[in-house]
Amino acid sequence: MTEPEDNRRQVLYWRLLARLFDAEEQAALESASVAVVEDIGLPSAVLDPNVAVDSVVQRHPELAAEFDGLMVPEAEDSRDKAAEVRRAALVSKVLLNVFAPAPPTVTAGQLSRWQADAGWLERALGCRPGELRGGRRGGAPTGLGGTGGGATPDLSTLLPAIGPELGGIEADLVKRMQLREVLADPALAAKLSPSMSLIEQLLRDKDNLSGVALANAKSLIRRYVDEIAEVLRTQVEKASTGKVDRSVPPKRVFRNLDLDRTIWKNLTNWSPDEERLYVDRLYYKQTAKKTTPQRLIAVVDQSGSMVDSMVNCAVLASIFAGLPKVDVHLIAYDTQALDLTPWVHDPFETLLRTNLGGGNDGMVAMALTQPKIAEPANTVVVWISDFYETRVEQLFESMAAIHRSGAKFIPVGSVTSAGRGSVNPWFRERFKDLGTPVISGHITKLVHELKTFLTS
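An unreviewed UniProt entry annotates the protein chain as VWA containing CoxE family protein of Amycolatopsis lurida NRRL 2430.

Spelled out as structure tokens, the structure:
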């Protein structure tokens, strides 16, 4: 016989499905869901898709902890059926707020609220806000569960689908918003939360903006760049120092004194009668780091849907440019190439000089890249593109020549604002044969590759 808790949970999920596919309320499911929610002691606002999760948590702070990790799996034998009903209500709240059909026109406030709700869904999945929608945050979430009945789904197989869907919804909401009108109103512009989809629209439309609208657009781009920089800088700094250089004598200052070694080396001078250790020699710790000058050349395809790569690479290049003895160059291209090296320390200025869109002709970028490779052994070339090129064989042969010269060549696949990647299969196979396989466009993998080269 079906237990009452199972019926309650099914009512909540049937109501969720009905509202996701039809904006009209089903009276029987609505009234039954209200009765369930009231009986388990949750506020009725968890059933209202017009109430943001932030608002619910603000009125009921104790629920914040329940939303965090809400959909992360638990052992089957640790489940409590009554608790599952409560969890079903909270899961339904997050999913309905995020995936309910969007209105034909979207305001800045509605976009901001949806972004906040999407952040709560990411937290429920064990991620950090913004992580699934475009890679602003790092992490490795691993699991989805607690939605009741049967085996727990494996989030490692679901996340690749969830992330692009969230990014796609966000991009669609941005397109439905009258962005120029919103930017022209400081009060409305202040409600916007920076996201990759929004930054893409701003970069594409920047030449059509002026006055207050342009100033607000620049402010949003600057905020988003700073957010990414804060995260990536932490990742880079974790392993940005070189090995200890034993050839450099240690500085004879107190902070470098190796007390343990000094005592050990002078033990033969111990006087039992006086109970005193006489020190003939002081020993100091080696602190000098071996930092070989390295040159990093980043080449970024700015055509089509390469916005994510352009933004991330501009920020990453500026971070590496701030490290000691790392010489960073940045080149962007479509059918023409632009050397952005003079602005590499300021990703904001770099992005304002990009011109998104157009075709692909990597040979124009190669013409700027090759003269920069003065010492191949100390040079890494990062080429970020989908590799759908005009002069295919000529470009690949030039890339292979860089690899053969002794320089480190890292091809990186493209990633759109929705998280979907696309790489020309012809190039993918030849890079694999060359021994330099295309790495994922995820920024954390690129950070790892660069840190390995620059600190080895």
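Right, picking up where we left off after that structure.
Q: Please set out the overall build of the protein chain residue by residue, giving values where relevant.
A: For the protein chain, the helix and strand inventory stands at 19 helices and nine strands. Residues counted as buried form 48% of the 456 residues belonging to the protein chain. When the accessible surface of the protein chain is split by element, carbon and sulfur atoms take 52% of a total near 22200 Å².

Q: Residues and numbers for the packing of aromatic side chains, please.
A: The description of an aromatic ring pair rests on the distance of the ring centres and on the angle between the ring planes. Tallied over the entire structure, the rule returns ten aromatic pairs. Ring pairing ties together the aromatic residues F387, F396, F409, W426, F427 and F431, which thus form one cluster. Directly above the aromatic system of W120 lies the positively charged group of R123, at a separation of 4.0 Å from the ring centroid.

Q: Please provide a residue-by-residue account of the packing of helix α1 (residues 4–21) against helix α2 (residues 27–39), values included.
A: One way to put it is that α1 packs onto α2 with a least axis distance of 9 Å and a crossing angle of 130°. In terms of their interaxial angle, α1 and α2 are classed as oblique. For the pair α1 and α2, the sense of crossing is left-handed. Contacts between α1 and α2 pair R8, V11, L12, W14, R15, A18 and R19 from the former with L29, E30, A32, S33, V36, V37 and D39 from the latter. Looking at the contact of α1 with α2, its residues break down into eight nonpolar, one polar and five charged.

Q: Go over the sheet that holds strand β5 (residues 337–339) with me, naming the residues and quoting the values.
A: Sheet strands associate in pairs through backbone hydrogen bonding, adopting either a parallel or an antiparallel arrangement. An order of β5-β4-β3-β6-β7 is seen for the five strands of this open sheet, with the pairing classed as mixed. Each end of this open sheet is capped by a strand with a single partner; those strands are β5 and β7 (408–412). For this sheet, the mean angle separating the axes of adjacent strands, direction not counted, is 15°. Of the pairings in the sheet, the one linking strand β6 (residues 379–384) to β7 comprises five bridges and is parallel in character. Counted as the bridge partner of W383 is P411 from β7.

Q: I'd like a description of helix α5 (residues 81–99), backed by residues and values.
A: Spanning 19 residues, α5 covers 26 Å between terminal C-alpha atoms, matching the ideal 27 Å at 1.5 Å per step. Across the 19 residues of α5, 14 count as buried, placing the element largely inside the fold.

Q: Can you tell me about the nonpolar core, naming the residues and giving the values?
A: In a soluble, globular protein the nonpolar side chains are often hidden away together inside. Counting residues in each nonpolar core, the largest one holds 94 residues, and the members touching the most others are F67, M177, L183, L192, L202, V382 and L450. For this core, the element with the most residues is helix α14 (residues 307–321), which contributes ten residues. Viewed by domain, this core spans two of them, domain 1 (4–71 + 79–133 + 157–231) and domain 3 (294–455), each represented by three or more residues.

Q: Summarise the environment of N216; cite the residues concerned and give the values.
A: As for its placement among the helices and strands, N216 is situated in helix α12 (residues 211–237). Note on N216: relative accessible area 17%, which makes it buried. C-alpha separation for the pair N216 and A189, spaced 27 residues apart in sequence, amounts to 6.7 Å. Beyond its immediate sequence surroundings of up to four residues, N216 is in contact with L183, D185, P186 and A189.

Q: Describe unusual backbone geometry, naming the residues involved and giving the relevant values.
A: Positive phi, normally seen in glycine, also occurs at E275, with a value near 50°. Counting through the fold element by element, E275 comes out in the loop between β1 (270–271) and β2 (276–277). By relative accessible area, which is 63% here, E275 ends up exposed.

Q: Break down a positive patch on the surface for me, citing the residues and quoting the values.
A: Taken together, the side chains of R252, R261, K265 and R281 present a region of like positive charge at the surface. You can see K265 is positioned in helix α13 (residues 259–265).

Q: Account for the pattern of salt bridges, naming residues and giving values.
A: All told, the structure shown has 16 salt bridges when counted by the stated rule. Put simply, K81 and D6 hold a salt bridge, and the shortest N to O gap is 3.4 Å. Residue K81 is located in helix α5, and its partner D6 is located in helix α1; the two are separated by 75 residues in the primary sequence. For D6, a relative accessible area of 14% puts it in the buried group. Its salt-bridge partner being E30, residue R15 comes within 3.1 Å of it at the nearest N-O pair. Residue R15 is located in helix α1, and its partner E30 is located in helix α2; the two are separated by 15 residues in the primary sequence. Of the two residues examined, R15 and E30, each falls in the buried class. Beyond isolated ion pairs, a larger network of salt bridges with shared partners links D6, R9 and K81.

Cut-offs used in this document
Residues numbered from 1 in each chain as written. Predicted model: local features only at pLDDT ≥ 70, side-chain atom pairs only at ≥ 80, totals over all residues. Heavy atoms only, no water. Helix = DSSP H or I, 4+ residues; strand = E, 2+ residues; numbered from the N terminus. Buried < 20%, exposed > 50% of the residue type's maximum accessible area, 1.4 Å probe, protein only. Areas by Shrake-Rupley, 256 points an atom, 1.4 Å probe, with all protein chains shown as cover. Phe/Tyr/Trp six-rings, centres within 6.5 Å; stacked < 30°, edge-to-face > 60°. Lys NZ or Arg CZ within 6 Å of the ring centre and 35° of its normal. Axes fitted to C-alpha atoms, helices over the stretch in contact; angles between N-to-C directions. Parallel < 35°, antiparallel > 145°, perpendicular 65-115°, else oblique. Left-handed = near helix turned anticlockwise from the far one by under 90°. Contact = heavy atoms within 4.5 Å. Nonpolar A, V, L, I, M, F, W, Y, C, P; charged D, E, K, R; others polar. Pairing = 2+ DSSP bridges. Expected span 1.5 Å × (residues − 1). Core = buried A, V, L, I, M, F, W, Y, C linked by side-chain atoms within 4.5 Å. Domains from an automatic or database assignment. Patch = residues over 30% accessible without salt bridge, like charges linked within 9 Å, V, L, I, M, F, W, Y side chains within 5 Å. Salt bridge = Lys/Arg side-chain N within 4 Å of Asp/Glu carboxyl O. Lys, Arg positive; Asp, Glu negative; His and termini not counted. Charge placed at Lys NZ, Arg CZ, Asp CG, Glu CD.

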